[in-house]
Amino acid sequence: MTPVLTTTGLGVRLGDDRTLVHGVDVSLRPGERLGIIGESGSGKSLTALALLGLLAYPLVPVGSAIIATDDGPVEVVATPSRRLDRVRGRTISAVFQEPLASLDPLMRVGKQLAWPLAKHRGLTGEKLRRGVLDALADVQLPEPERIARSFIHEISGGQRQRVAIALALAAGPRILIADEPTTALDVTVQAGILELLQREVAERGMTLLFISHDLPVVSQIADRVLVMRDGRQIELGETARLLRAPQHEYTAQLVAASRALDDFLPAADPSRRGGFEPTDAREESR
């Protein structure tokens, strides 16, 4: 199966004398879910920005990142940002940790959603209006018409993140990057957002890159896991294998720490206990 995303030695430099991310090598098939995990400063988010072509000088991408599009393969590192505008949204899109960073506070929600629907799907008039409402309904927002008329300060944090997801999915991308999409939310809202992301990715057959520092969450979402530390790719493997038999000492420390936290949490918090079980069970059923 032809990969939808391939990176070879993908890295990020700060100017000419400092390397922040050293050579990430991955190849993703259609519909595959890759978790990228590591502590703060490990290079996870910089890698995501490099894949999206969103690094700004003095941050400079190096190596190669090839995305399969309807018009043929696109080398992100060598393509000017203005030309990548045709790729971002339509082929690859992203949901970030803080929805306020990706939503315009001066524009009504409906108008923000209308832009990618018009640009990438060519919707106009009543079809465009219907497309906006359908996009909001797809992410299970109540009263889509009210939300469409609202500014983002008039809706809750969880609703903003659902709007950000709707915006990322509006043009029907093949690849979705979710960079810590629940970190800024209350615990009570996190589970609903994660469930929404998994359902949308499965129903649309998208490839998912899920970035997190939370190994139990990643273990429930990802087919494979890429572990990063200090800007380096430490380990890459199938999730169940990596959890059972990590090859790198740092990965083993992450697994041990997550299991210790899992055992420490009270039984009243079922969303976190037994966090590794779903992936292991899925692997054993194959």
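What counts and what doesn't
- Residues numbered from 1 in each chain as written.
- Predicted model: local features only at pLDDT ≥ 70, side-chain atom pairs only at ≥ 80, totals over all residues.
- Heavy atoms only, no water.
- Helix = DSSP H or I, 4+ residues; strand = E, 2+ residues; numbered from the N terminus.
- Rg over C-alpha atoms; globule rule 2.2 N^0.38 Å.
- Buried < 20%, exposed > 50% of the residue type's maximum accessible area, 1.4 Å probe, protein only.
- Contact = heavy atoms within 4.5 Å.
- Areas by Shrake-Rupley, 256 points an atom, 1.4 Å probe, with all protein chains shown as cover.
- Lys, Arg positive; Asp, Glu negative; His and termini not counted.
- Charge placed at Lys NZ, Arg CZ, Asp CG, Glu CD.
- Core = buried A, V, L, I, M, F, W, Y, C linked by side-chain atoms within 4.5 Å.
- Axes fitted to C-alpha atoms, helices over the stretch in contact; angles between N-to-C directions.
- Parallel < 35°, antiparallel > 145°, perpendicular 65-115°, else oblique.
- Left-handed = near helix turned anticlockwise from the far one by under 90°.
- Nonpolar A, V, L, I, M, F, W, Y, C, P; charged D, E, K, R; others polar.
- Pairing = 2+ DSSP bridges.
- Salt bridge = Lys/Arg side-chain N within 4 Å of Asp/Glu carboxyl O.
- pLDDT = per-residue confidence, 0-100.

## A look at the overall build of the protein
When you go through the protein residue by residue, the secondary structure sums to eleven helices and ten strands. The globule rule puts the C-alpha radius of gyration for 286 residues at 19 Å, and the 19 Å found for the protein is close to it. A total of 286 residues make up the protein; the buried ones form 47% of that total. For the protein, contacts bridging at least 24 residues in sequence account for 66% of all contacts bridging at least 6. Accessible area for the protein stands at about 13,800 Å²; split by element, carbon and sulfur atoms hold 52% of it. Seen as two clouds, the 34 positive and the 36 negative side-chain charges of the protein have centres 6 Å apart.

## Regarding the nonpolar core
Membership of the largest hydrophobic core comes to 47 residues, with the highest contact counts inside it found for V109, L113, L136, V163, I165, L176 and F210. In contact with L136, other than residues within four places in its own chain, are V109, L113, L141, P144, I147, A148 and V163. Within the second largest apolar cluster, 29 residues are counted, among which are V21, V24, I67 and I211.

## What to know about helix α1 (residues 44-52)
Along α1, the positions that sit buried rather than exposed are K44, T47, A48, A50, L51 and L52. Directly beyond the C-terminal end of α1, a positive phi value near 70 degrees is found at G53.

## Re the environment of L106
Its location among the elements puts L106 in the loop between β6 (92-95) and α3 (109-121). In this structure, the C-alpha to C-alpha distance between L106 and D134, residues 28 residues apart in sequence, is 22 Å.

## Quick notes on the packing of helix α6 (residues 157-169) against helix α7 (residues 187-204)
For the pair α6 and α7, the least separation of the axes is 10 Å and the interaxial angle reads 15 degrees. For the element pair α6 / α7, the angle class is roughly parallel. Between α6 and α7 lies a crossing of right-handed hand. Mapping the contact onto sequence places G158, Q161, R162, I165 and L169 in α6 and V189, G192, I193, L196, L197, E200 and R204 in α7. In terms of residue class, the contact of α6 with α7 is made up of six nonpolar, three polar and three charged.

## Focus on the environment of K111
Mapping K111 onto the fold places it in helix α3. Taking the C-alpha atoms as reference points, K111 and R129, 18 residues apart in sequence, are found 9.5 Å from one another.

## Overview of the pairing of strand β1 (residues 5-14)
Bridge count between β1 and strand β2 (residues 18-28): seven bridges; the pairing is antiparallel. Across the sheet, the residue bridging to L10 is V24, located in β2. Examined bridge by bridge, β1 and strand β4 (residues 59-69) share eight bridges and lie antiparallel to one another. Along β4, the bridge assignment pairs L5 with I67.

## Examining the packing of α3 against α6
Taken N-terminus to C-terminus, the directions of α3 and α6 make an angle of 20 degrees; their axes are 8 Å apart at the nearest point. Classified by the angle their axes make, α3 and α6 are roughly parallel. Viewed along their axes, α3 and α6 form a crossing whose handedness is right-handed. Facing α3, whose interface residues are V109, Q112, L113 and P116, α6 presents V163, A166 and L167. Residue composition of the contact of α3 with α6, grouped by class: six nonpolar, one polar and no charged.

## What to know about the pattern of salt bridges
Applying the stated rule across the entire model yields 16 salt bridges. When the shortest N-O distance is used, the salt bridge between R29 and E32 registers 3.8 Å. Here E143 makes a salt bridge to R146, at a shortest N to O gap of 3.1 Å. Each of D138, R199, E200, E203 and R204 takes part in salt bridges that share partners, so that together they form one network.

## Digging into the pairing of strand β7 (residues 175-179)
With respect to burial, β7 is a largely interior element, five of its five residues being buried. The alternating pattern of β7 places I175, I177 and D179 and L176 and A178 on opposite faces, both of which are buried. Summarising the sheet, β6 and β7 pair through four bridges and their orientation is parallel. Within β7, the position partnered with I92 by the bridge is I175.

## Considering the environment of Q233
Relative to the helices and strands, Q233 resides in strand β10 (residues 232-238). Taking the C-alpha atoms as reference points, Q233 and I147, separated by 86 residues in sequence, lie 41 Å from one another. For Q233, the residues in contact, after removing those within four places along its chain, are H22, G23, V24, D25, L226 and V227.

## Some remarks on the confidence of the model for the protein
Considering every residue of the protein, the mean pLDDT works out to 89; 91% of them sit at 70 or more. Scored below 50 in pLDDT, residues 264-275 shows 16 contacts in the model against residues more than four places distant or in partner chains.

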